[in-house]
Each structure stands twice: as structure tokens, then as C-alpha cells.
Amino acid sequence: MYRTLPPFGGDQRAVAEIVNGIMNGKTNNTGTISLATGNATTTTITDARIGYDSKIIVIPFSDAAEQDTSPYAEFEDLSYTTLSSSINSSVTTIPVVSTSGFRSVGVVRINNEIISYTGKTTTSFTGCTRGDFGTSNASHNSGDYVHGSQAQASGSSAAIKLNTTGLSNGITLVDDTKITVLNTGVYNFSWSAQVNNNSSSTKNIYAWIKKNGTSVDGSNGLVSVHGSAGGVDGHTIIAWNYFLNLQANDYVEFWWSPTDQKLTIDSYEPVSPAPATAAVIVTVNYIAPQSYSNVYVSAQTKGSATLTHFANATSNKTYAYIIVG
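Please read all numbers here as calculations on a predicted model, not as lab measurements.

Analysis parameters
Residues numbered from 1 in each chain as written. Predicted model: local features only at pLDDT ≥ 70, side-chain atom pairs only at ≥ 80, totals over all residues. Heavy atoms only, no water. Core = buried A, V, L, I, M, F, W, Y, C linked by side-chain atoms within 4.5 Å. Buried < 20%, exposed > 50% of the residue type's maximum accessible area, 1.4 Å probe, protein only. Helix = DSSP H or I, 4+ residues; strand = E, 2+ residues; numbered from the N terminus. Contact = heavy atoms within 4.5 Å. Pairing = 2+ DSSP bridges. Patch = residues over 30% accessible without salt bridge, like charges linked within 9 Å, V, L, I, M, F, W, Y side chains within 5 Å. Areas by Shrake-Rupley, 256 points an atom, 1.4 Å probe, with all protein chains shown as cover. Salt bridge = Lys/Arg side-chain N within 4 Å of Asp/Glu carboxyl O. Axes fitted to C-alpha atoms, helices over the stretch in contact; angles between N-to-C directions. Phe/Tyr/Trp six-rings, centres within 6.5 Å; stacked < 30°, edge-to-face > 60°.

Caption draft 1: Quick peek at the nonpolar core. Grouped together as the largest cluster of nonpolar side chains are 32 residues, with contacts concentrated most on Ile179, Phe189, Trp191, Phe254 and Val280. Per-element tally for this core: the top contributor is strand β16 (residues 185-197), with 5 residues. Dropping the residues within four chain positions of it, Phe254 is found in contact with Ala158, Ala159, Ile160, Ile179, Phe189, Trp191, Trp208, Ile209, Tyr242 and Val282.

Below, the structure written as C-alpha cells:
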């Protein structure tokens, strides 16, 4: 604390010293506050100098605060492995190098055969249904690639599944499908899916979004995927982006419906010179209100003020404040 005058003033030397200090910025109306953690969106400043009409200026005061950013996220569905030994067309346990990244229950593709499974160990898929979704049972060789896949019956619908969080700040993935925001605002959602058509003719796929479980009118897209030819399946990438006005803890899901069960959404292994292909990629970024207004005084009373900010999980995110009036 800098020197102050007694209630009834002081001599000329004391007054001059304090006035000079004020002119040099040495005042007693400053402090620091670290934002509450645990994804808190408010933090309370307790300071007896705050009045009902005080103006409070807040500026970053630590590296963590200086590096604070608007919410953003990137999620993918990416999984592939290889067979650890050859299999015939009827076995219901599929031996693989690793099941890391694959869902506990799901679907895989080996060459042109789609296989659903009900369980997994670290090195096998168990409870397999061979030749599922209209494909044919087949034998496969050790070293053949096993691709993570999403499949469903013709005309049915389901939420797109995601299994990898690449980046996340204020946006989380819940239950493999629900992209959940921790802060109110306008968000830009961009997504793409790698679609495979194993049938011999052109088929269609519908894709749209749901907000808190309700389909968003106007968000649907219809894409035609050409059929297989010369032993090569038809492929395409579908992609859209949406602006959505969301409240804290709202969630968004991407949904799809194929007109034929041989339409699947698949991951692929690296093929030189290209890297691996994700079945689905979703990116999200907060676009409004302006991110520079991230930390602001939303309420105040005598002796305290409430700071509102982005959901915070970072310790030592410290801000300096100046009280005026």
C-alpha cells in the first residue's frame, strides 16, 4: 500500500509526496484476482474499495491469462489396425494387432466385408456378425487392414460417433456424439465425413444436425455417392458448416441416414504419400460476442464485484484490476 494522508490532511511535504506519487501512478486502487477453476464462469472480487458506482478495469496479469483464448475444439473418428493372423469366413473372434481407439461395441470393415462386434479385448474383436449390412463373408489374410466404420440399416438414422479429441477449450465431447459448449454465444460448426458406397449403383445419404436432441430445420443435406466400379468402391466426402446460437451446456450432434445399408462412413489407413483418413472431422469455434470482452464485470455491490468469463479450468489465470471512483 502506498502512503496516505490522515483524515484531516497533512503538512505540505506529505501532501506534495502523495500528489507526486499519484502523478506517477502510485495509487491504492489496484489489486489482482485469479479466476476460479473447475470450469467456473464467474469469479468474485472482494475489495472494500469497490463502491456501487465504481468503474473496474481488468487486464491480464499472468502468462495463463495473457494466453486465454475463445472456446474451440476439434474432434475426429479415426481408428484402424491390422489382422494379427489370417481368418476364415466364419470365425466370430477377429485377432488384431490392437483395438486401441475402437469403440467397445461397433463396426469394422475388412476389405469389402462389414463386420459388427459386441465386445473387444486389447487384441481382438469378439461376438462378431460376419458379412453384416448386406456384404458377404470372406477370408482375410494376416496384415490386412481393419478399418473403423459406422454403418446402419437402410433408411434408419443415427448420430455420428467421434472417438478422438484433438483440441478442446471450453467445448467437450460427451457420450461419443454430443458436442457440448460451456459458454453462451454464437459458434461455427464445420464437419466432414468420408463416405463409402459398396453397392454397384448410386446411393444417397442424408446428413443434418440436432441441437439438444431436436433436429435443426434447414440443416439437412442430400448427397449422392456413385457405386463401385472395377472392384473399387465409390467414395465421396460430405461437408457443411453451420452458425448456431447456443446457451451454456447446450449440445450439438451430427446425424445421418443412408438410403442403402452398403453406404458406410469409414476410416482408412495411410497410403503413401498420404496420411491416414479420418471417418469424420468436426471443428468448432466461438465467434461472438467478441472474445476480447471475455473477462468483464457483470455485477457489483459495496465491497465486491462479479467477473464473468469463459469457463475456466486453468490455474493461475490471474488478472490485475483498477478501481476508479
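There is more to say, and it comes next.
Caption draft 2: Fine view of the pairing of strand β8 (residues 113-117). The buried fraction of β8 amounts to 5 of the 5 residues, a majority that puts the element mostly inside the structure. Judged from the 5 bridges that link them, strand β7 (residues 106-110) and β8 form a sheet pairing that is antiparallel. Residue pairing for β8: Arg109 is matched across the bridge by Ile114. Adjacent in sequence and paired antiparallel, β7 and β8 are bridged by 2 residues, among which Asn111 carries a positive phi angle near 55°.

Caption draft 3: Structural view of a nonpolar patch on the surface. Where nonpolar side chains cluster on the molecular surface, the patch consists of Ile57, Ile59, Ile322 and Val324 and spans about 310 Å² of accessible area. Looking at the element boundaries, Val324 is found in strand β26 (residues 318-324).

Caption draft 4: Molecular detail of the sheet that holds strand β2 (residues 40-46). Taken together, 3 strands build an open sheet; the order of strands is β2-β25-β24 and the sheet is antiparallel. The outermost strands of the open sheet, each flanked by one partner alone, are β2 and β24 (296-301). The mean inter-strand angle of the sheet, taken between neighbouring strand axes irrespective of direction, is 30°. Here β24 pairs with strand β25 (residues 304-312) via 5 bridges, running antiparallel. Bridge pairing links Gln300 to Ala305 in β25.

Caption draft 5: Layout of the sheet that holds strand β10 (residues 124-126). What the 3 strands build is an open sheet, ordered β6-β10-β9; its pairing is antiparallel. The open sheet has two edge strands with one neighbour each: β6 (94-95) and β9 (119-120). When β6 meets β10, the two strands line up antiparallel, connected through 2 bridges. For Ile94, the partnering residue across the bridge sits in β10 and is Phe125.

Caption draft 6: Geometry of the packing of aromatic side chains. For the coordinates displayed, the defined rule picks out 8 aromatic pairs. Centre to centre, the rings of Phe189 and Phe254 are 6.4 Å apart; their planes meet at 55°, and the pair counts as tilted. Taken together, the positions of Phe189 in strand β16 and Phe254 in strand β21 (residues 251-258) put the pair 65 residues apart, joining distant regions of the chain. Under the relative-accessibility criterion, Phe189 is labelled buried at 0%. Judged by relative accessible area, which is 3%, Phe254 ranks as buried. Arranged with centres 5.0 Å apart and planes meeting at 80°, the rings of Tyr286 and Phe310 form a pair that is edge-to-face. With a gap of 24 residues between them, Tyr286 in strand β23 (residues 280-288) and Phe310 in strand β25 connect regions that are remote in the sequence. Neither Tyr286 nor Phe310 differs from the other in exposure class; each is buried.

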